[in-house]
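A structural walkthrough
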Amino acid sequence: MNTETLPGTRKLALVAAVFVIAPIPVAGSGYYIGVLSRILLFALFALALNIVFGHNDQLFLFMGGLGGIGAYTTALVADTVGVTAWLALPVAALLCGVVALSVSWISARRRFTVILISILTLNLQLVLSEAFVGARDLTGGSTGFPYELFSIEAVAEAVGVPTPVVLYYVILGFLMAAMVAYVWLINSKYGMAFEAIREDEAAAESIGIDVVRYKTIAGFVAGVIIGIAGTLLAREATYITPSIFSFVAVDVIALVVLIVGGIRRTYGPIVGAVVVEAIEATLSNYAANWRAAIFGALLILLFLYFRSGVIVRARDLLESRDVSFGGGGGGTSVETEADTD
Amino acid sequence: MLEAANVRKKFGGLVAVDGVDFDIQRGEIVGLIGPNGAGKTTLFNTITGVLDPEEGTEITFNGEDLLALDTHEIARSGLLRTFQIVRVFGEMTVLENAVTGALFGSGESISQEKAERRGREALAFVGLEDKAETEAANLPIAQQKQLELARTVASDPDLVLLDEIASGLTPGEIETLSNTIRRLRDDRNISVFWIEHIMDAIMGTADRIIVLKNGRKIAEGTPEEIRANEAVTEAYLGADES
């Protein structure tokens with residue numbers, strides 16, 4: 001269990017402050033603002049995955065598809081009803097929440113294992129990818145359409161900063177809100193139920209925990225966050241096509257981010273997103289064609305050797321070096337933490 | 001408080017529990033014994049909703065039809081259990097384990113502060129109060145069993161089902177455990193239905209004992225009556241039983 005209390009709040013404020021300042025040195029470069037925004041976006045996807053997979057053993061592999069539902073729904077509702085995207089977004093997020101909730105509910109009722117859920121959702125991902133291409137009337141097919149919602153240009157003009165910078169701060173706002181919600185959730189009764197269910201479902205049921213209910217709640221919360229993240233992802237691209245919501249473009253990256261950062265760690269998604277986007281930015285210069293293959297290989301490596309996250313692992317290595325140099329058994333307590341999977 | 005009639009459970013062609021009737025009165029400690037494969041744990045799993053029994057089975061608890069409830073609802077109605085192979089939440093602390101019982105098992109919505117108070121109280125009841133901050137997986141088995149018991153006590157149940165809670169314990173530990181079980185009833189007004197293979201523990205503690213063999217009830221009575229019962233002796237020592 002996490003024991004984030006007041007010091008946790010201070011840490012979160014510090015992280016927020018770093019991200020508030022981060023664009024200032026690079027504000028002139030659209031490229032770097034883009035990288036920073038993608039860090040936040042994938043931290044958001046990974047945070048959702050942390051709730052539903054990390055804490056709940058439901059491996060959602062249709063985050064791209066779910067994000068796409070969010071993005072297309074926001075645009076379509078805003079367009080057909082004629083309201084601002086700010087009003088359409090909650091509707092879209094709610095829809096994504098309900099879709100995710102249904103998947104979780106069915107999986108929990110039928111007692112699907114983590115493997116079965118991942119197969120089920122991967123299939124949904126493939127179906128949704130096809131549907132986004134096929135439903136040309138709604139999505140514009142693979143040609144897509146410009147995605148410049150949320151009146152961000154107007155704000156940028158009024159304040160006198162580039163549009164991507166304003167968008168960056170909007171995404172940051174959503175990420176920080178999600179972080180606060182996450183910390184609250186995990187330290188509440190819900191977090192305790194999640195932990196009990198993850199460790200031993202039968203024991204959890206035997207002490208009165210409604211396993212189906214809590215798994216469904218976790219699915220809903222993750223679905224809402226993924227819907228918002230997907231919409232912001234399209235907005236960041238300024239143009240929506242089905243390809244930005246593919247399995248490789250979203251799910252693989254979010255999963256790598258979560259595992260790199262450390263599953264069930266509060267700041268895991270943020271740390272992981274920084275590391276992965278740094279790798280991604282480097283690859284895009286040298287080996288763009290190999291991107292998918294390299295991330296696939298990375299994912300395998302991570303699952304084999306770094307399941308507790310790069311940070312914990314690195315700390316372990318450092319501590320074990322300390323031990324070999326200076327003696328003393330400091331490494332053991334960290335070792336047990338690192339062994340959790 | 002717990003009344004069961006004609007409990008039947010089949011696994012394919014095997015009839016694991018075959019028309020068993022019993023009841024548990026408030027304030028009783030009832031033992032459930034029988035050779036391996038007699039259907040004792042299957043009976044527990046049927047009572048707690050883990051297994052669905054065959055048609056014709058009737059189980060009520062405080063007047064409520066348990067067959068209509070899910071496992072977690074049965075727990076919330078005041079009927080909790082421990083497991084044959086101990087199932088504490090290993091990555092949680094001892095206190096957190098006890099708190100889960102108070103938080104989710106009591107059938108009422110209580111604050112986290114109140115749940116923690118009840119959790120500590122339950123730990124003190126089984127004598128684990130000084131281990132509150134230990135990770136549960138690091139406790140020796142005997143203490144994990146006490147913790148499992150504390151987790152049910154924290155939810156303030158009416159009845160607990162104990163599944164071989166004394167197995168693997170030393171004679172000293174069994175003595176302590178038997179005392180704790182007596183105190184469940186005497187101090188906490190919790191009734192006990194207890195599967196056990198260790199005869200000394202159960203004979204010295206239970207008010208009444210039910211004996212199962214091949215899914216059927218072959219005897220029921222006070223520990224003295226059961227000791228003197230020929231059918232029971234045969235069930236345990238008979239040539240065709242392993």
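Figured I'd write up the structure that's included with this text. (Residues numbered from 1 in each chain as written. Chains lettered and ligands numbered in written order. Predicted model: local features only at pLDDT ≥ 70, side-chain atom pairs only at ≥ 80, totals over all residues. Heavy atoms only, no water.)

Here we look at the sheet that holds strand 8 (residues 191-195) of chain B
All names here are of chain B. Across the sheet, which stays open at both edges, the six strands sit in the order 6-7-8-3-9-10 with mixed pairing between neighbours. The open sheet has two edge strands, strand 6 (79-81) and strand 10 (216-221), and neither has a second partner. Strand-to-strand, the axes of this sheet are offset by a mean angle of 20 degrees, without reference to chain direction. Alignment of strand 9 (residues 208-213) against strand 10, held across five bridges, turns out to be antiparallel. Each residue of the ladder has a partner; that of Ile-209, found in strand 10, is Gly-221. Contacting strand 3 (29-33), strand 6, strand 7 (159-163), strand 8 and strand 9, helix 1 (residues 40-47) crosses the sheet at an angle of about 140 degrees to strand 8. (Pairing = 2+ DSSP bridges. Helix = DSSP H or I, 4+ residues; strand = E, 2+ residues; numbered from the N terminus. Axes fitted to C-alpha atoms, helices over the stretch in contact; angles between N-to-C directions. Contact = heavy atoms within 4.5 Å.)

As for the pairing of strand 9 of chain B
Residue and element names in this part refer to chain B. Strand 9 sits mainly inside the fold: six of its six residues count as buried. Side chains of strand 9 alternate between two faces, with Arg-208, Ile-210 and Leu-212 and Ile-209, Val-211 and Lys-213 buried alike. Note that strand 3 and strand 9 share four bridges and pair parallel. Along strand 9, the bridge assignment pairs Gly-31 with Ile-209. With antiparallel pairing between neighbouring strands as the criterion, strand 9 and strand 10 make up a hairpin whose turn holds two residues, including Asn-214 at a positive phi of roughly 50 degrees. (Buried < 20%, exposed > 50% of the residue type's maximum accessible area, 1.4 Å probe, protein only.)

Focus on the pattern of salt bridges
Residues and elements named next belong to chain B. Scanning the model with the defined rule gives 22 salt bridges over all chains in all. The residue Arg-120 makes a salt bridge to Glu-133 at a minimum N-O spacing of 4.0 Å. You can see Arg-120 sitting in helix 4 (residues 112-126) and its partner Glu-133 sitting in the loop between helix 4 and helix 5 (141-154), a full 13 residues away along the chain. Here Arg-120 falls in the partly exposed class, since its relative accessible area comes to 39%. The salt bridge partner of Asp-187 is Arg-183, with a shortest N-O separation of 3.7 Å. Placement of both Asp-187 and Arg-183 in helix 6 (residues 171-188) is noted, with a separation of four residues, approximately one turn of the helix. Residue class for Asp-187 comes out exposed when judged on its relative accessible area of 55%. Three or more residues joined by partner-sharing salt bridges are found here, namely Asp-23, Glu-28, Arg-208, Lys-217 and Glu-220. (Salt bridge = Lys/Arg side-chain N within 4 Å of Asp/Glu carboxyl O.)

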